[in-house]
Amino acid sequence: MALRDSATGKVVREYSIAELEDQAKLMRGYDLVTLNAAGSGHAGGTLSAMDYTAALYLKIAEHDPKNPNWAERDRIIWSTGHKAPSLYLGLAFAGFCALEDVVTLRKLSSPLQGHPHWLKLPGVEVSTGSLGQGLSIAVGMALAARLDGRSNKVFCIMGDGEQQEGQVWEAAMEAGHFHLDNVIAIVDCNRLQIDGWVKDVMEVQPLDAKYASFGWEVLHVDGHDMKQVVEAFEKARTVVGKPVVILADTVKGKGVSFMEDQAGWHGKTPNAEELAAGLKELGLSERIPVAALLARAKKYQSEMDAKLAAKMPKFSQDYWWNAGEQMKVKMEPTRKGFGQSLAANGDDERVVCLGLDISGSITISEFYAGKPERAKRWISMGIAEQSATAACAGLARDGKLPVMGSYATFSAARNLDQIRCSVCYGNFNVMIAGAHGGVSVGPDGATHQALEDLFAMMGLPNMSVVVPCDAEETRKATDYLLLKHVGPKYIRFAREATPVVTTKETPFVFGKANVIRLRKEGASFADAFETVLARDYKDEHEDLSILACGPMVPEAMRAALILKREFGYETRVVNLHTLKPIDAEAVIRAAAETGVVVTAEEHQIGALAWRVSGLLTESRELYGKALITGAIGVKDRFGDSGAPWELIKELEVSGEHIAQKAAELMAFKKATISEIRELATSR
């Protein structure tokens with residue numbers, strides 16, 4: 001079995017064990033360069049995967065780089081999608097794509113997304129990223145092969161921490177039940193996940209006994225012994241009547257001593273010094289053209305920068321954050337406010353926090369950091385969002401105040417039915433954090449970017465939804481929701497450092513919007529604005545209103561600055577930090593008093609825009625009044641890999657885009673007024 005020319009049936013090249021070992025070592029070196037060029041990604045797991053990657057792509061799998069969709073090919077599913085660089089290097093070494101292109105990993109518009117996307121790169125079988133789903137896809141492909149009378153194999157690569165997802169075991173049961181001997185699973189048992197050792201986070205062993213109980217053939221290998229790996233794959237191909245799982249014992253960070261067995265290197269990339277040290281340890285310092293590869297990455301980035309600049313709205317000057325000498329702003333991740341609140345309020349014995357493997361990243365771990373007395377109220381649930389959600393309902397039913405969180409796309413989507421039935425239907429006092437909302441997770445790509453979560457959460461009866469604008473407002477919102485608000489609640493915040501535009505003195509009242517007005521420009525951007533509760537605000541006859549939530553509030557404020565300088569327009573910015581229940585009075589007043597309303601959301605257009613539109617169309621106060629509306633948000637598309645601030649531009653949700661839309665609506669308003677006046681005069 002090997003790389004094959006599907007037209008002639010001939011083997012393109014056969015690799016010896018020694019050659020495969022060398023190729024795996026080279027893959028590790030290119031992996032380090034690629035991750036360094038990307039500036040983000042997963043070093044530990046990609047390095048542990050390289051031996052079976054080399055074996056699969058160069059010797060075991062039947063596939064043809066010149067014909068990626070050859071019907072008789074073996075399929076390789078990377079359920080553990082964050083190890084995408086290993087997949088890309090397997091494809092590149094096999095000839096599916098140019099090796100030098102791997103350094104465009106995670107860059108805007110690159111086919112090498114942060115998590116694999118089959119529509120962008122030939123050779124990628126399916127798009128993956130949300131853990132636990134790959135084995136189910138493999139079952140589907142195996143069933144399709146059986147229906148079509150094909151003999152190809154379906155390989156599925158998973159991590160050991162991934163075995164915490166319940167869907168894995170549904171698929172394992174199905175594969176055993178249907179005797180799918182064309183399924184070969186590989187579990188990378190490197191024993192580590194983001195929150196630490198798998199055995200400490202949520203033990204998954206004994207995997208051999210578990211798979212065997214579902215009717216699987218189980219093989220054990222040293223995942224870094226190429227001979228064992230190849231022999232295991234070859235044996236797996238001969239098994240009849242049952243699926244096969246290969247449990248590969250590996251070392252996270254294999255080949256680079258300072259990365260080996262270190263959980264901290266799960267989602268970390270090497271800097272220049274670490275890259276050089278790693279290549280030296282691998283004996284590859286002279287074999288890999290590092291300078292040329294990094295130059296290729298830099299050139300690609302320059303091209304993307306130019307494309308982004310060309311599509312941005314143009315004004316008389318550069319208004320981007322901190323571009324000028326004045327109006328400077330401090331940047332801080334909004335997630336910090338969440339952790340600060342949990343740390344400050346966690347002494348309440350009712351508070352119980354549930355970890356879902358990215359605890360440090362979303363800052364929920366601040367609840368117990370340095371506070372050993374709270375350890376018993378910290379419950380690590382592993383990679384198991386659905387079960388954790390229902391467990392929260394159980395905790396709440398018995399008087400606890402459970403808090404759980406993950407990336408918003410996992411904490412509000414993967415477990416939607418559990419939120420609906422177990423939490424909201426029973427109206428339980430559960431707090432769910434949707435961290436890394438919008439495009440703030442950036443280079444991880446579309447699978448990890450929550451652009452649809454607010455639709456789901458706002459559509460659930462009994463659910464309250466808060467989207468704070470900065471770290472300070474996130475802390476205040478968490479303070480309130482945690483101890484004062486009763487019922488299901490969802491708080492959504494970003495990962496990336498975003499402008500801090502509020503202070504401890506800035507009002508925050510759940511369910512009540514704030515009005516923000518540009519007063520006097522100066523050294524500080526935040527100090528140039530005044531914020532008051534919308535219910536206390538007196539109409540100043542502004543030209544238009546911008547209604548925003550979350551990180552779009554600072555963008556709306558920047559748009560107000562642009563509109564003032566460029567057109568002389570006065571803008572009422574309304575911070576709708578509480579989307580449900582929304583401050584209907586503030587929305588209707590803004591519309592009635594300014595006549596032009598622009599909504600701004602870092603989400604698919606609609607979570608905010610449709611709710612605002614509903615209020616405006618239902619309001620008797622607006623019947624017969626001229627009203628012009630527009631919406632800024634993501635335009636019914638998935639995200640992309642790229643830096644968060646690049647994606648703000650690419651998805652057209654920047655302050656410049658808000659200002660451009662507002663200016664267009666104002667021009668329409670003026671033209672309409674002129675037409676009305678002309679018509680009146682002619683009569």
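Up top is the structure these notes are about.
Conventions adopted
- Residues numbered from 1 in each chain as written.
- Predicted model: local features only at pLDDT ≥ 70, side-chain atom pairs only at ≥ 80, totals over all residues.
- Heavy atoms only, no water.
- Helix = DSSP H or I, 4+ residues; strand = E, 2+ residues; numbered from the N terminus.
- Contact = heavy atoms within 4.5 Å.
- Axes fitted to C-alpha atoms, helices over the stretch in contact; angles between N-to-C directions.
- Parallel < 35°, antiparallel > 145°, perpendicular 65-115°, else oblique.
- Salt bridge = Lys/Arg side-chain N within 4 Å of Asp/Glu carboxyl O.
- Buried < 20%, exposed > 50% of the residue type's maximum accessible area, 1.4 Å probe, protein only.
- Left-handed = near helix turned anticlockwise from the far one by under 90°.
- Pairing = 2+ DSSP bridges.

Asks: Please explain the environment of Tyr368 as it appears in this structure.
Replies: Within the secondary structure layout, Tyr368 lies in the loop between helix H13 (359-362) and strand E12 (378-380). Tyr368 sits 15 residues away from Cys353 along the chain, and the two C-alpha atoms are 8.9 Å apart. In contact with Tyr368, not counting residues within four places along its chain, are Arg374 and Trp378.

Asks: I'm lost on the packing of helix H20 (residues 584-594) against helix H21 (residues 609-618) in this one. Help?
Replies: Packed helix pairs are characterised by how far apart their axes lie and by the angle those axes make with each other. Where H20 contacts H21, the axes come no closer than 10 Å and their chain directions differ by 70°. In terms of orientation, H20 and H21 fall into the roughly perpendicular class. Contacts from Ala584, Val587, Ile588 and Ala591 of H20 reach H21 at Val612, Leu615 and Leu616.

Asks: Help me out: how do you make sense of the pattern of salt bridges in this one?
Replies: A side chain of one charge can pair with a side chain of the opposite charge if their charged atoms are brought near each other. In the structure shown here, the tally under the stated rule is 45 salt bridges. Taking the shortest distance from any N to any O, the salt bridge between Arg296 and Asp101 comes out at 2.9 Å. Taken together, the residues span a long stretch of sequence, with Arg296 in helix H11 (residues 290-311) and Asp101 in the loop between helix H4 (84-94) and helix H5 (134-148) at a distance of 195 residues. For Arg296, a relative accessible area of 26% gives the class partly exposed. In this structure, Glu652 and Lys635 form a salt bridge, with 2.8 Å as the shortest nitrogen-oxygen distance. Taken as a pair, Glu652 in the loop between helix H22 (644-650) and helix H23 (655-682) and Lys635 in the loop between strand E24 (628-634) and H22 lie far apart in primary sequence, 17 residues in all. For Glu652, a relative accessible area of 24% gives the class partly exposed.

Asks: What exactly am I supposed to notice about the packing of helix H3 (residues 50-60) against H4 here?
Replies: Look at H3 against H4: their axes get within 9 Å of each other, and the N-to-C directions meet at 40°. Handedness of the H3/H4 crossing: right-handed. Counting all contacts with H3, which are made through Met50, Thr53, Tyr57 and Leu58, the residues of H4 involved are Ser86, Leu87, Leu89, Gly90, Leu91, Phe93 and Ala94.

Asks: What is the right way to look at unusual backbone geometry in this model?
Replies: In most cases, non-glycine residues show a negative phi, while peptide bonds are predominantly trans. Looking along the chain, the bond that leaves Gln205 and enters Pro206 is cis, with omega of 5°. Take Pro206: it is sitting in the loop between helix H7 (198-202) and helix H8 (207-213). The omega angle of the peptide bond from Lys580 to Pro581 is 5°, so this bond is cis rather than trans. Relative to the elements of secondary structure, Pro581 occurs in the loop between strand E22 (578-580) and H20. Its identity as a non-glycine residue notwithstanding, Asp357 has a phi of 80°, on the positive side. In this fold, Asp357 is placed in the loop between strand E11 (351-355) and H13. Here Asp357 falls in the buried class, since its relative accessible area comes to 5%.

Asks: Explain the sheet that holds strand E15 (residues 464-466) here, please?
Replies: Sheets are built from strands that pair by backbone hydrogen bonding, the pairs being arranged parallel or antiparallel. The seven strands lie next to each other as E12-E11-E13-E14-E16-E15-E22, forming an open sheet whose pairing is mixed. Two strands bound the open sheet, and with one partner strand each, they are E12 and E22. With strand direction ignored, the average angle separating the axes of adjacent strands in the sheet is 20°. Sheet analysis places E11 next to E12, joined by three bridges and oriented parallel. Each bridged residue has a counterpart across the sheet, and for Leu354 the counterpart in E12 is Ile379. Against the sheet, helix H14 (residues 385-397) contacts E11 and strand E13 (401-407), and its axis sits at roughly 165° relative to E13.

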